[in-house]
Amino acid sequence: MSTLDVARAELALAVLYLNKAEARDKICRAIQYGSKFLSDGQPGTAQNVDKSTSLARKVFRLFKFINDLHALISPNAPGTPLPLILLGKSKNALLSTFLFLDQIVWLGRTGIYKNKEHTELIGRISLFCWMGSSICTTLVEIGELGRLSGSLKKLEKELKYTDKHKNEQYQSKIQKSNERSLALIKAGMDIVVAVGLLQLAPKKVTPRVTGAFGFVSSLISCYQLLPSLPKVKAS
């Protein structure tokens, strides 16, 4: 491929990535929490960016609660243990509730809904729902990683006298394990962010700590949304 063809392919991937509302939301999230880290809760330009970006992000999430509502009533993958099914459904229910309530918070912050006290209360309830969904996600990922570890050990025994790294099934399971490990790290960070936003441990989880964890979590989300690179045939 020529240099121009490579540039075209890379730009096409960038366009594909930025066309996703979810990707734009996570980029804004990185800006939001990066600003929170810089401001450390103090008034100024960084705090203004944090607040304005937080409000702008809520537009990207309008009616997004339908996604998790659909996942809640969808059938599970065959062979999934009941505890993991219940945790997964709890995560969907909590996340859907958070996203729905977040729309009411948006109405309050924009002045459409006039009751400020109710807006703040609904905002805290929604954050507790998000923290609960992050805890459920953490437990699901731990359970799934345990299942993957068991199946990998079994597969390694079957491939004892062959090169396991050339086996497609083995490579697929390793990739899934890496993806779930990354999702586990992100969910753990989101729990810390929720604790910071709710001010449950204000002395330990300061605005700067919340911003740092939120920024790294956002970068992980941006990475997870990257489109897969096309396989290039040699000319």
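Please read these numbers as outputs of a predicted model, since none were measured by experiment.

(A) Focus on the environment of D102. Tracing the sequence through the fold places D102 in helix α5 (residues 82-109). The spacing of D102 and I125 is 23 residues in sequence and 9.5 Å in space, taken between C-alpha atoms. Leaving out residues up to four positions away in the same chain, D102 has contacts with K58, R61 and S126.

(B) Region of the structure containing a nonpolar patch on the surface. A surface patch of nonpolar side chains, amounting to about 280 Å² of accessible area, comprises L18, I27, I31 and V49. Tracing the backbone through its elements, the reader meets I27 in helix α2 (residues 21-39).

(C) Region of interest: the packing of aromatic side chains. This model, assessed by the stated rule, comprises two aromatic pairs. Summarising the aromatic geometry, the rings of F65 and F100 are spaced 5.3 Å apart at their centres and angled 75° between planes, so their arrangement reads as edge-to-face. Note that F65 is positioned in helix α4 (residues 65-73) and F100 in helix α5, a separation of 35 residues in sequence. It is R208 that lies over the ring of F37; its NZ or CZ is 5.1 Å from the centre.

(D) Structural context of the side chain of R61. With respect to the helices and strands, R61 occurs in the loop between α3 (45-60) and α4. Looking at R61, its side chain comes within polar contact range of the side chain of D102, at 2.5 Å. Excluding its chain neighbours within four sequence positions, the residues that come into contact with R61 are D25, F98, L99 and D102.

(E) View of the packing of α4 against α5. The interhelical angle for the contact between α4 and α5, taken along N-to-C directions, is 155°, at an axis separation of 8 Å. Relative to α5, the element α4 lies roughly antiparallel. Crossing angle aside, the handedness with which α4 passes α5 is left-handed. Taken together, the residues of α5 that come into contact with α4 (itself represented by F65, D68, L69, A71, L72 and I73) are K89, N92, A93, L95, S96, L99, F100 and Q103. Residues that form the contact of α4 with α5 fall into these classes: nine nonpolar, three polar and two charged.

Basis of the calculations
- Residues numbered from 1 in each chain as written.
- Predicted model: local features only at pLDDT ≥ 70, side-chain atom pairs only at ≥ 80, totals over all residues.
- Heavy atoms only, no water.
- Helix = DSSP H or I, 4+ residues; strand = E, 2+ residues; numbered from the N terminus.
- Contact = heavy atoms within 4.5 Å.
- Patch = residues over 30% accessible without salt bridge, like charges linked within 9 Å, V, L, I, M, F, W, Y side chains within 5 Å.
- Areas by Shrake-Rupley, 256 points an atom, 1.4 Å probe, with all protein chains shown as cover.
- Salt bridge = Lys/Arg side-chain N within 4 Å of Asp/Glu carboxyl O.
- Phe/Tyr/Trp six-rings, centres within 6.5 Å; stacked < 30°, edge-to-face > 60°.
- Lys NZ or Arg CZ within 6 Å of the ring centre and 35° of its normal.
- Polar contact = N/O pair within 3.5 Å; in protein donor to acceptor, adjacent residues only side chain to side chain.
- Axes fitted to C-alpha atoms, helices over the stretch in contact; angles between N-to-C directions.
- Parallel < 35°, antiparallel > 145°, perpendicular 65-115°, else oblique.
- Left-handed = near helix turned anticlockwise from the far one by under 90°.
- Nonpolar A, V, L, I, M, F, W, Y, C, P; charged D, E, K, R; others polar.

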